[in-house]
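Summary of structural features
The lines below spell out each chain.
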Amino acid sequence: MSQKRPMSPFMIGPYYRPQITSMMSIMHRATGVVLALGSLALVWVLVSLSMGEQAFAVVRACLASPVGMLALVVFSFCLMYHLFNGVRHLFWDGGKGFDIPTVYRSGYAVVVLSLLSTAAVWWFAVSTGGAP
Amino acid sequence: MTLRDPLATARGLGSAKSGFGHWWAQRLSAVVLALLTPLVVYGLAKYSQSDYAVLKTQFANPFLSGASVLYVLALFWHARHGLQVVVEDYIHKPGLETALQVAIKIVYSFAAVAAVIAIMRLALVA
């Protein structure tokens, strides 16, 4: 336990060129941490909602503010990215898609799909008027 | 039969033999989350500006409140396991690491219980 074992250099820093593979890997963690912390805000929303209209008024004002709306869109994107890249990880867990061309293709697909799906869901929800 | 030298076990090198449970919990919760997350994002986009009465009515639907309970349980189970690994990987100060690991377990257990009680209250209390 106390032994000093050698470690390979961290992927961000002077040792490696940025690659889509390593950038997507660290993005998976970054979005995971954002989602883990953001989901605590989700609890605040649910608890306030359950306490009645007066308690929820504060939440509603926050969600309607520009910062609140931006946070919602960023949170949605993090959900979509972590979802698509998570499915990529599940395929790897099954031993599939490990060759380098496939890893790159699936990587670009995840970036495009997460951006497009976030935009599409918000566009659809807003253009159908949302809910009052 | 094992080819591992007992001395390696005594020195604490190598696997602790309980990693699979963590790995599997992360994958199982991932599958639940993967199925429900598109609906959650749609819900966020559609209902984030809704008023109290509209949201309250949504949770009166047992399918929606039931799926919500399943979602928050999987979400906080997944978050707790994920953060645990992040702390293991990047925080190497012994006291701080232990404190963070304990805090993560307490905070996310509390979050899960509070979220479930809130959803139940929305679903059941008029």
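Structure shown above.
Description of the structure in this document.

Scoring rules and cut-offs
Residues numbered from 1 in each chain as written. Chains lettered and ligands numbered in written order. Predicted model: local features only at pLDDT ≥ 70, side-chain atom pairs only at ≥ 80, totals over all residues. Heavy atoms only, no water. Helix = DSSP H or I, 4+ residues; strand = E, 2+ residues; numbered from the N terminus. Buried < 20%, exposed > 50% of the residue type's maximum accessible area, 1.4 Å probe, protein only. Lys, Arg positive; Asp, Glu negative; His and termini not counted. Charge placed at Lys NZ, Arg CZ, Asp CG, Glu CD. Rg over C-alpha atoms; globule rule 2.2 N^0.38 Å. Contact = heavy atoms within 4.5 Å. Expected span 1.5 Å × (residues − 1). Bend = angle between axes of the 7 residues up to and from the residue. Patch = residues over 30% accessible without salt bridge, like charges linked within 9 Å, V, L, I, M, F, W, Y side chains within 5 Å. Areas by Shrake-Rupley, 256 points an atom, 1.4 Å probe, with all protein chains shown as cover. Salt bridge = Lys/Arg side-chain N within 4 Å of Asp/Glu carboxyl O. Buried area = accessible area lost by both parts, 1.4 Å probe. Polar contact = N/O pair within 3.5 Å; in protein donor to acceptor, adjacent residues only side chain to side chain.

Some thoughts on the overall build of chain B
- A count of helices and strands for chain B gives five helices and zero strands.
- Listing the helices and strands of chain B from first to last along the sequence gives α-α-α-α-α.
- With respect to the principal axes defined by its C-alpha atoms, chain B has extents near 65 × 35 × 25 Å.
- Within chain B, the fraction of its 126 residues that count as buried is 36%.
- Of the charged side chains in chain B, 10 are positive and 5 negative; the average position of the first set lies 6 Å away from that of the second.

Quick look at the overall build of chain A
- Secondary structure assignment for chain A yields four helices and zero strands.
- Moving toward the C terminus, one meets the helices and strands of chain A in the order α-α-α-α.
- Its C-alpha radius of gyration of 19 Å places chain A more than 25% over the 14 Å reference for a compact globule of 132 residues.
- A fraction of 63% describes how many contacts in chain A between residues 6 or more apart in sequence connect residues 24 or more apart.

Quick notes on helix α2 (residues 19-47) of chain B
- Taking 1.5 Å of rise per residue, the 29 residues of α2(B) would be expected to cover 42 Å, and the 40 Å separating its terminal C-alpha atoms lies within 8% of that figure.
- Along its length, α2(B) shows its largest kink, about 40°, at B:L36, and proline B:P38 lies within four residues downstream of that point.
- All of the buried residues in α2(B) are B:A25, B:Q26, B:R27, B:S29, B:A30, B:L33, B:L36, B:T37, B:V41, B:L44, B:A45 and B:K46.
- Check the buried side of α2(B) and you find it contacts α3 (66-93) and α4 (100-127) of chain A together with α4 (62-90) of chain B.

Overview of helix α5 (residues 94-124) of chain B
- Across its 31 residues, α5(B) extends 45 Å between first and last C-alpha, which sits within 8% of the 45 Å expected from 1.5 Å per residue.
- Burial in α5(B) covers these residues: B:Q101, B:I104, B:Y108, B:A111, B:A112, B:A114, B:A115, B:V116, B:A118, B:I119 and B:L122.
- As for α5(B), its buried residues are in contact with α1 (20-50) of chain A together with α3 (52-59) and α4 of chain B.

Things to note about a nonpolar patch on the surface
- Taken together, the side chains of A:F10, A:I12, A:M23 and B:Y90 define a hydrophobic patch exposed on the protein surface, amounting to about 360 Å² of accessible area.
- By secondary structure assignment, the location of A:M23 is in helix α1.

As for the pattern of salt bridges
- As enumerated under the stated definition, the model contains two salt bridges over all chains in all.
- Here A:R29 and B:D89 are joined by a salt bridge, their closest N and O atoms 2.7 Å apart. Of this pair, A:R29 sits in helix α1 while B:D89 sits in helix α4, which puts the two residues in different chains.
- For A:R29, a relative accessible area of 24% gives the class partly exposed.
- According to the relative accessible area criterion, B:D89 is partly exposed, its value standing at 36%.
- A:D93 is paired through a salt bridge with B:R27; the nearest N and O atoms lie 2.5 Å apart. Here A:D93 is found in helix α3, whereas its partner B:R27 is found in helix α2 on a different chain.
- Overall, the relative accessible area of 33% leaves A:D93 in the partly exposed class.

Focus: the interface of chain B and chain A
- Contacts between the two partners involve 44 residues from chain B, matched on the other side by 42 residues from chain A.
- Counting each side, the surface lost to burial between chain B and chain A is near 3,700 Å², with a carbon and sulfur contribution of 72%.
- Looking only at chain B, the three residues that lose the most surface to chain A are B:V41, B:Q49 and B:Y52, adding up to 17% of its buried area.
- The interface formed by chain B and chain A contains two salt bridges.
- Viewed at the interface, chain A and chain B are joined by eight residue pairs in polar contact (both at pLDDT 80 or more).
- For the side of chain B that touches chain A, the secondary structure elements donating two or more residues are α2, α3, α4 and α5 of chain B.
- Counting residues per element, the side of chain B that touches chain A draws most heavily on α2(B), at 13 residues.

With respect to the side chain of A:T31
All names here are of chain A.
- Along the chain, T31 falls in helix α1.
- A relative accessible area of 4% places T31 in the buried class.
- Not counting chain neighbours up to four residues away, the residues in contact with T31 comprise C78, Y81 and H82.

A closer look at the side chain of B:Q26
All names here are of chain B.
- By secondary structure assignment, the location of Q26 is in helix α2.
- Take Q26: its relative accessible area is 13%, and that puts it in the buried class.
- Those residues in contact with Q26, other than ones at most four positions away along the chain, are W77, H78, H81 and G82.

Shape is all these values report; function is a separate question.
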